[in-house]
Amino acid sequence: MSSAQSLIDSGSADIVAGRPASVAHLFLERVAATPGGEAYRFPVPVDEHAADSTPGAEQWRSVTWAQTATRVYAVAAGLLSLGIHPEDRVALMSSTRLEWIVADLGNMCAGAATTAIYPSTNADETAYILSDSGSRALFVENGTQLAKVVGELEQLPELRTAILFDGAAPAETGGLNVLTLADLEQLGNEYLEQHPDAVEKVVAALDKEQLATLIYTSGTTGRPKGVRLVHDCWAYQGRSQEQSGLLRAEDVQFMWLPLSHVFGKSLICGQIATGHVMAVDGRVDRIIHNLPVVRPTMMASAPRIFEKVYNGIAGKARAEGGAKYKIFMWAARTAREYARVTQANRIATGRDSAPLGLRVQHAIADKLVYTKIRDAFGGRMRGSVSGSAALAPEIGYFFAGVGVPVLEGYGLTETSAGICVNRAEDVRVGTIGNVLPGSEVRIAEDGEILLRGPGVMRGYHNLPEKTAEVLEPDGWFHTEDIGELGQDGFLRITDRKKDMFKTSGGKYVAPSEVEGKFKAVCPFVSNILVIGNGRNFCTALIGLDESVIMPWAAEHGLAGKSYAEVAAAPQVHELIEGFVKRVNTDLQRWQTIKKFTLLPRDLDIEHGELTPSLKIKRPVVERTYADAVTEMYAGANEA
């Protein structure tokens, strides 16, 4: 393999030499540049005493960069008044909301390092993360979250203070000093009266290699590892997203992703660098309601959201039946074909073009179907960044053809999120785009993707041996992903190195490839796990999408049945079997799914089967459903 094929370096002297030492510096620069500009929007309940109010009604409010800075300075100064020193860990456990951003920026402007914790994390793992990180203080969303910590204080001798976003301090705190966020801001304002330039002095002294964030990877086995991300990682993310054009000053971005995850956190950095507006609301059940109100131009998501949107649209069309269903299916095929053809022509000629007949069909489908889908996203979405897992190409082509392009990207917690991404002006479905300015990617001899750049972690916290396993002395990070790098610099992932398996017949199978193909053809699937390591054939565990399968079940003699009863019904097995047979026709013989089991419930985070970023924990699922797997292979010839 030549160096051109194995290595793409989009390094930019400007981005390497010109970025500031930290996002705290970027934030202060942003506030100075556009103090009166709109920074964030957030939902608040409508006054219930207002004459025209309705129960549960909400409205969106805005804050400027200067108003945001006032709160950030107060939080930072409040932490300084509590004795927080540079690189002291201050944990943050909350859903996505404006206060999360204010607290995180306050941490960084105080020189502290944020320990990010998902609010869904159980008490035991929360205690482990707080203990391993040595966190001295904790921002926590409410009393319910705080209770998880209070019950584990014996393991947390360094934790002194908790700051509540919602509610008052509970009566029982186990000796923990509990403040409200308003209390902390008041302390900070009093501190600033005595030391008006305290925050600016701390920010000015920040070094780019100081620890800024600890994010614990939600591994499939064992305890999570703390990833050490320094200030330079985040400053790089901000500048690279800005200079690559991924984010633009005129954008309105809708942020619902968990900010405890590296993906959401990195986009905050890009937003500060560009200065665009960000609408913040982490309630997943409000996404469909918020999009037409916010009308974003940019949004980030996980592939599962696009799969659910597509399945929901297809399911609704199927339920309406007759001509409407036929029109939708025709429009979906047209969208995919149009996207494929225009993409191929763009690669070949540099122009988006399609034959006249296809353009006419696409225009008709646009009026009948696509405009309604775009309106559901707010009507002006120029792109939606997708990461954390692979998106089925058929789903990608569909949304590209509809006019809501999904910009697949790639990164890990260990690379402070994005290091490759598709751009809105040149989407290549089936790829994860090309590398961001200032970073490098190459393919190792065994096909593993290696990454290097300013965004790569400085190591795992307190785990030098684990660090040495993945991080070379010259900065190359081993991703454990298998991929291919095209001559044009677009990267493709073919599978996880550790997830690939070999059948007893000696054939290698990339399960994610089979799983992606199945998701593309079956609108009823939520999660699928392909199994076959050391076996003579492949099988699958399949979880169904309740929002799609239950309406179908009601129309096919299963009304009133529970999800588990529906999954066990013969007619549902027959339905899914049809899709299994369909996907098998597009697979090599050794890849085909010979048997499958429909799970009595879908996989979820609560049972430990999915990570907070919705990745399947394969070993956990295989252990949980070991009996089902054994039954699928019972009596089979394994020779």
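Summary of the structure given here. Note that this is a predicted model, so its numbers are computed, not measured.

Turning to the overall build of the chain, a few remarks are in order. In terms of regular secondary structure, the chain is built from 23 helices and 26 strands. A globule of 639 residues ought to have a C-alpha radius of gyration of about 26 Å, and the chain, at 25 Å, matches this closely. A buried classification covers 55% of the 639 residues belonging to the chain. Residue pairs at least 24 apart in sequence account for 68% of intrachain contacts in the chain once pairs closer than 6 positions are excluded. Accessible surface for the chain amounts to roughly 26,300 Å². Of this, 51% is attributable to carbon and sulfur atoms. One finds the centroid of the 64 positive side-chain charges in the chain at a distance of 7 Å from the centroid of its 77 negative side-chain charges.

The next thing to look at is the state of the cysteines. Tallied over the full model, the rule gives zero disulfides. Of the cysteine sulfurs around C420, a residue in no disulfide, the closest is that of C233, at 16 Å. Unpaired in terms of disulfides, C522 finds its nearest cysteine sulfur in C538, a separation of 18 Å. On the basis of relative accessibility, which here comes to 1%, the residue C522 falls in the buried class.

Another aspect to go through is the nonpolar core. Here is a general trend for soluble globular proteins: nonpolar side chains tend to be buried in one another's company. Counting residues in hydrophobic clusters, the biggest one holds 130 residues, and the most contacted among them are F27, Y40 and F139. Counting residues in each nonpolar core, the second largest holds 32 residues, with A567, A569, F579 and L598 among its members.

Of all residues except glycine, most have a negative phi; of all peptide bonds, most are trans. Located in the positive-phi region is E87, a residue other than glycine, with phi close to 70°. With respect to the helices and strands, E87 occurs in the loop between α4 (65–81) and β4 (89–93). Classification of E87 by relative accessible area gives partly exposed; the value is 30%. For N462, which is not glycine, the phi dihedral falls at a positive 65°.

The next point concerns the side chain of S133. In this fold, S133 is placed in helix α6 (residues 123–133). Looking at S133, the relative accessible area reads 1%, which means it is buried. Setting aside its immediate chain neighbours within four residues, S133 contacts R89, T115, L214, Y216 and H461.

Rules of the game
- Residues numbered from 1 in each chain as written.
- Predicted model: local features only at pLDDT ≥ 70, side-chain atom pairs only at ≥ 80, totals over all residues.
- Heavy atoms only, no water.
- Helix = DSSP H or I, 4+ residues; strand = E, 2+ residues; numbered from the N terminus.
- Rg over C-alpha atoms; globule rule 2.2 N^0.38 Å.
- Buried < 20%, exposed > 50% of the residue type's maximum accessible area, 1.4 Å probe, protein only.
- Contact = heavy atoms within 4.5 Å.
- Areas by Shrake-Rupley, 256 points an atom, 1.4 Å probe, with all protein chains shown as cover.
- Lys, Arg positive; Asp, Glu negative; His and termini not counted.
- Charge placed at Lys NZ, Arg CZ, Asp CG, Glu CD.
- Disulfide = S-S within 2.5 Å.
- Core = buried A, V, L, I, M, F, W, Y, C linked by side-chain atoms within 4.5 Å.

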